[in-house]
Amino acid sequence: MAQKPSIPKGTRDFGPAEMAGRNYIFDTIRSVFKTYGYAPIETPSMENLSTLLGKYGEEGDKLLFRILNSGDAFSGISYDDYRIDGTQDGYNSKALSLKVCEKGLRYDLTVPFARFVVQHQNEISFPFKRFQIQPVWRADRPQKGRYREFYQCDVDVIGSKSLLNELELVQIVDRVFTLFDVNVCIKINNRKVLTGMAEICGFPDKVVDITVAIDKIDKIGLEAVEAEMKEKGLNEEAVAVIRPILTISGSSAEKINVMRELMSGKSASGIVSETGLKGLDELEELFALVDAAGIELGPMRGIKVDEHLRTSDRNIYAVGDAIEFVHPVTGLTWLNYLAGPANRQARIVADNMVLGDTEVYEGAIGTSIAKVFDMTVAATGLAAKRLKHDGIDYLTATIHPSSHAGYYPDALPMTIKIVFSPADGKLLGAQIVGYDGVDKRIDVMAQIIKSGGTVADMTRIEQAYAPPYSSAKDPVALAGYVAQNILSGRMKPIYWRQIRDATPGEFVLIDVRTPMEYASGALPGAINIPLDSMRSRLAD
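Residues numbered from 1 in each chain as written. Predicted model: local features only at pLDDT ≥ 70, side-chain atom pairs only at ≥ 80, totals over all residues. Heavy atoms only, no water.

### Examining a negative patch on the surface
- Residues Asp410, Asp436, Asp439 and Asp443 make up a contiguous surface patch of negative charge.
- The class of Asp443 is partly exposed, set by a relative accessible area of 43%. (Patch = residues over 30% accessible without salt bridge, like charges linked within 9 Å, V, L, I, M, F, W, Y side chains within 5 Å. Areas by Shrake-Rupley, 256 points an atom, 1.4 Å probe, with all protein chains shown as cover. Salt bridge = Lys/Arg side-chain N within 4 Å of Asp/Glu carboxyl O. Lys, Arg positive; Asp, Glu negative; His and termini not counted. Charge placed at Lys NZ, Arg CZ, Asp CG, Glu CD. Buried < 20%, exposed > 50% of the residue type's maximum accessible area, 1.4 Å probe, protein only.)

### Re the side chain of Ser97
- One can find Ser97 in helix α4 (residues 93-100).
- A polar side-chain atom of Ser97 sits 3.0 Å from a polar atom in the side chain of Arg66. (Helix = DSSP H or I, 4+ residues; strand = E, 2+ residues; numbered from the N terminus. Polar contact = N/O pair within 3.5 Å; in protein donor to acceptor, adjacent residues only side chain to side chain.)

### Describing the pattern of salt bridges
- If you walk through the whole model with that rule in mind, you get 25 salt bridges.
- The partner of Glu296 in a salt bridge is Lys304, with the nearest N and O atoms 3.4 Å apart.
- As a salt-bridge pair, Asp306 and Arg314 come within 3.3 Å of each other at their nearest N and O atoms.
- Here the salt bridges share partners, and the residues they tie into one network are Glu226, Lys230, Glu236 and Arg243.

### Considerations on the packing of aromatic side chains
- Summed over all chains, the structure comprises seven aromatic pairs.
- Taking 4.2 Å as the distance between ring centres and 40 degrees as the angle between the ring planes, the aromatic pair formed by Tyr56 and Tyr107 counts as tilted. Taken as a pair, Tyr56 in the loop between α2 (49-52) and α3 (57-62) and Tyr107 in the loop between β4 (101-105) and α5 (110-119) lie far apart in primary sequence, 51 residues in all.
- Owing to a relative accessible area of 11%, Tyr56 belongs among the buried residues under this scheme.
- Between Phe116 and Phe128, the ring centres sit 6.3 Å apart and the planes meet at 15 degrees, which makes this aromatic pair stacked. One end of the pair, Phe116, is in helix α5; the other, Phe128, is in strand β5 (residues 128-137), with 12 residues separating them in the sequence.
- Through a chain of ring-to-ring contacts, three or more aromatic side chains come together here, namely Phe113, Phe116 and Phe128.
- In this arrangement the basic side chain of Arg12 is found over the ring face of Tyr147, its NZ or CZ atom lying 3.8 Å from the centre.
- The positively charged end of Arg22 is found above the aromatic ring belonging to Phe14, 4.3 Å away from the centroid. (Phe/Tyr/Trp six-rings, centres within 6.5 Å; stacked < 30°, edge-to-face > 60°. Lys NZ or Arg CZ within 6 Å of the ring centre and 35° of its normal.)

### A word on the environment of Arg535
- Its location among the elements puts Arg535 in the segment after β16 (527-528).
- With relative accessibility at 74%, the residue Arg535 sits in the exposed group.
- Taking the C-alpha atoms as reference points, Arg535 and Gly250, 285 residues apart in sequence, are found 92 Å from one another.

### Examining unusual backbone geometry
- The step from Phe126 to Pro127 runs through a cis peptide bond, and the omega angle for that step is -5 degrees.
- Even without glycine at this site, Asp410 takes up a positive phi of about 65 degrees.
- Positionally, Asp410 belongs in the loop between β12 (395-399) and β13 (414-420).

### Re the sheet that holds strand β3 (residues 66-68)
- If you trace the three strands from one edge of the open sheet to the other, you get β2-β4-β3, paired in antiparallel fashion. On the outer flanks of this sheet lie β2 (46-48) and β3, each paired with one strand and no other. For this sheet the average axis-to-axis angle between neighbouring strands, irrespective of direction, equals 45 degrees. (Pairing = 2+ DSSP bridges. Axes fitted to C-alpha atoms, helices over the stretch in contact; angles between N-to-C directions.)

### Notes on the packing of helix α1 (residues 16-35) against helix α6 (residues 164-179)
- Where α1 contacts α6, the axes come no closer than 10 Å and their chain directions differ by 145 degrees. Both α1 and α6 take part in a crossing whose hand is right-handed. In this structure, α1 contributes Thr28, Ile29, Val32 and Phe33 to the contact, and α6 contributes Ile172, Arg175, Val176 and Leu179.
- Counted by class, the contact of α1 with α6 contains six nonpolar, one polar and one charged residues. (Left-handed = near helix turned anticlockwise from the far one by under 90°. Contact = heavy atoms within 4.5 Å. Nonpolar A, V, L, I, M, F, W, Y, C, P; charged D, E, K, R; others polar.)

And the structure:
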């Protein structure tokens, strides 16, 4: 009878339904990590045993999956060198495995990360913020809820001692479980406090053994933890020093106060641990930061404010780059890094603080301008890329007018691109690149967008006209006319992306410039039919 297929104990198969759920969880976690500016890394499934051994304590070393060297790993092995004295068939398997195994499967993500940082320290910038979601393997005894292969999800900052990093990590964990609608209790530890615990009990070299034992207290209970510590070499006096720490109750502040007394020499040993006291100071500072950071953040991770620019704490207002506010066009919150709106917000907050929320902030559309050598670039509203990201339908129109009447000296070219709604022609955004007159055109279109205007409104704007300053058909109006032609169907535009992605023969490109202009450069495959001869060459 054929043997039924199976998988090793402690491992699992994942079908489509499980994969869909797991991928949703992983994608949600990744999105939170990226929102906070953390970058992903991956490390190999296997590491050199020299990297892994000695990092997890004696018990952890026993749980490492070791990979047998390729080929005949036992060739040339003298078993007598590994025979246990006084036995016939007893061998020192630990020493023998080091001879035939040079690699091991990843036990966790922390040690590989430390190796990664050391190995690539000249290639990364510090502080280095990374996250890693990968499987790990442990040669543990399989049981309910305990597997030999499972995923770990790590997020770390290295290269900075600021406790603000720790606050950020607390916020990340809170944000993840908030998105999952799962209520959790976040437990915060400090390695210095654990070191202090080992110091005041008189066994500073046993900090790993002590912490490994304490980590099991919820599973095996206090008595079994104490028994394990004694097995690792601690005496009854040392265990008696640790016992009050393991039985502390009360709030976090009350627990810290009790531990501070113990670390200050008031334990049974009378030993003072400066390291432990430093760890308690850091915990107090971190809890203070957590309490102070209770202001609600929005989906873009900016400070959430109402129309009066109040935060979730009614006694605190916020302005500037730190806040997120509803975009007047999309109705979605966004972050706006511009000085003009920030100054307006400050004025509104000043009035509201004095007069009592009399002023309302209507939001900003993000109008900006910059000089690049002799050119000027400007934008207002939303770009096509942002609209596509937000799932908003749009059309575009691009024109290449001059800054003023062409027959007047020094008329310079500019390029104007506008994006607008295909449903009602509402102007959504504009971008201009040029040399002269860019600023006043972008300001006009910004006001149209803020007032909820359409491309038709662009044609109705009454602007000052004289040949040195504009043309009779101002570039703003001209862009509006082109957009109206597109909306009405009188003109069907073909965009450059369509040309780029077209199959051969899908389009016929006609270049209507003069032969001299055509000779100076043209699109590949374009046919030159000058505009003046277009009527006579219709048969072509």
